[in-house]
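Each chain, written out:
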Amino acid sequence: MAAGSNPAEGTRNEEVGHVTPTPKTTADSSVSVEQFIADVPTERRRTEAQTLVEVFSQASGQPAAMWGPSIVGFGSSHYRYASGREGDTATIGFSPRKAKISLYTARNFREFPKLLEDLGAHELAVGCLYIKKLADVDLAVLEELLTRSYEVARIDYDAQAESS
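Nothing here was measured: the structure is a model prediction, and the numbers come from that model.

Undergrad: Teacher, can you tell me more about the confidence of the model for the protein chain here?
TA: Segments scoring low in pLDDT should not have their predicted coordinates read at a detailed level. Taken as a whole, the protein chain shows an average pLDDT of 81; of its residues, 77% reach a score of 70 or greater. Looking over the protein chain, one finds the lowest element-wise mean pLDDT in strand S1 (residues 11–13), namely 35, and the highest in helix H2 (residues 43–60), namely 97. Here residues 1–25 is modelled with pLDDT under 50, and outside its nearest four sequence neighbours on either side it reaches 60 contacts, counting other chains as well.

Structure follows, in structure tokens:
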């Protein structure tokens with residue numbers, strides 16, 4: 001797994017060889033996806049969230065589930081680091097935040113530079129991709145990016161689980 005690419009893991013500081021812990025925000029939640037989307041404050045973000053549920057479901061073949069109070073996740077992956085730290089996280093997911101939509105993957109989006117180039121307006125962070133409006137991106141390219149991210153993450157996690 002790419003260092004720092006897992007939102008549940010925290011920030012990896014390779015220079016000093018340790019992980020700075022962050023609160024585990026990707027635990028399974030009993031909140032329904034439908035209720036979460038209905039509670040999104042703006043009509044545009046609600047509509048974008050509904051569209052993203054369709055795109056992420058198609059890309060992963062998995063149903064939507066809440067991971068914590070604000071992440072809609074698809075699939076579940078168990079991770080384990082050499083340090084012994086381990087947990088579960090959504091394989092791919094999103095959160096319709098006020099300023100930007102946050103897209104998450106258990107892999108690093110930078111692994112797919114051509115797709116990122118073709119995606120449209122976005123910003124990258126360590127394990128997140130941010131878009132201001134869904135209309136700013138090509139949905140077909142987004143679905144391909146998510147499909148590849150999901151497939152690579154599943155292969156990695158399955159191999160990791162088998163070698164444990």
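Undergrad: I would appreciate a short explanation of the pattern of salt bridges in the present structure.
TA: When the charged atoms of two side chains with opposite charge come close together, those side chains can pair. All told, the structure shown has 7 salt bridges when counted by the stated rule. The network of salt bridges with common partners includes Arg44, Arg45 and Glu48.

Undergrad: It is not clear to me how the packing of aromatic side chains should be interpreted in this structure. Could you clarify?
TA: The description of an aromatic ring pair uses the distance of the two centres, along with the angle that the planes make with each other. Considering all chains together, one arrives at 3 aromatic pairs under this definition. Measuring from centroid to centroid gives 5.2 Å for Phe56 and Phe94, while their planes differ by 50°, and the two rings are tilted. Taken together, the positions of Phe56 in helix H2 and Phe94 in strand S5 (residues 86–96) put the pair 38 residues apart, joining distant regions of the chain. Following the ring pairs from residue to residue traces out a cluster consisting of Phe56, Phe74 and Phe94.

Undergrad: Is there a simple way to explain H2 in this structure?
TA: Think of an α-helix as 3.6 residues a turn; residues three or four steps apart then line up on the same face. Relative to the 26 Å expected for 18 residues at 1.5 Å per residue, H2 spans 26 Å between its end C-alpha atoms, a close match to the ideal helical length. Of the positions making up H2, those classed as buried are Arg45, Glu48, Ala49, Leu52, Val53, Val55, Phe56, Ala59 and Ser60.

Undergrad: How should I be thinking about the pairing of strand S8 (residues 128–131) in this particular structure?
TA: In regular strands, side chains alternate between the two faces of the sheet. Pairing between strand S6 (residues 101–105) and S8: 4 bridges, direction antiparallel. In the sheet register, Ser102 faces S8, and the bridge partner there is Tyr130. In this structure, strand S7 (residues 123–124) lies alongside S8, joined through 2 bridges in antiparallel fashion. Bridge pairing in S8 links Glu123 to Tyr130.

Undergrad: Honestly, the sheet that holds strand S3 (residues 64–67) in this entry has me stumped. Any pointers?
TA: Paired through backbone hydrogen bonds, the strands of a sheet run either parallel or antiparallel to each other. One open sheet accounts for 6 strands, arranged S3-S4-S5-S6-S8-S7; its pairing is antiparallel. The outermost strands of the open sheet, each flanked by one partner alone, are S3 and S7. Bridging between S5 and S6 involves 5 bridges; their strand directions are antiparallel. Residue pairing for S6: Ile92 is matched across the bridge by Thr105. Each of S3, strand S4 (71–80), S5 and S6 touches H2; the most contacted strand, S5, lies at about 135° to it.

Undergrad: What's the story with the nonpolar core in this structure? I'm lost.
TA: Across soluble globular proteins, nonpolar side chains have a tendency to be buried as a group. Core analysis: the biggest nonpolar cluster contains 30 residues, and Phe94 and Leu103 have the highest contact counts within it. Of all the elements in the fold, those that place two or more residues in this core are helix H1 (33–38), H2, S4, S5, S6, helix H3 (113–119), S8 and helix H4 (139–163). Top contributing element to this core by residue count: H2, with 6 residues. Apart from the residues lying within four places of it in its own chain, the contact partners of Leu103 are Leu52, Phe56, Gly93, Phe94, Phe109, Gly127, Cys128, Leu129 and Leu142.

Thresholds, definitions, all that
- Residues numbered from 1 in each chain as written.
- Predicted model: local features only at pLDDT ≥ 70, side-chain atom pairs only at ≥ 80, totals over all residues.
- Heavy atoms only, no water.
- pLDDT = per-residue confidence, 0-100.
- Helix = DSSP H or I, 4+ residues; strand = E, 2+ residues; numbered from the N terminus.
- Contact = heavy atoms within 4.5 Å.
- Salt bridge = Lys/Arg side-chain N within 4 Å of Asp/Glu carboxyl O.
- Phe/Tyr/Trp six-rings, centres within 6.5 Å; stacked < 30°, edge-to-face > 60°.
- Expected span 1.5 Å × (residues − 1).
- Buried < 20%, exposed > 50% of the residue type's maximum accessible area, 1.4 Å probe, protein only.
- Pairing = 2+ DSSP bridges.
- Axes fitted to C-alpha atoms, helices over the stretch in contact; angles between N-to-C directions.
- Core = buried A, V, L, I, M, F, W, Y, C linked by side-chain atoms within 4.5 Å.

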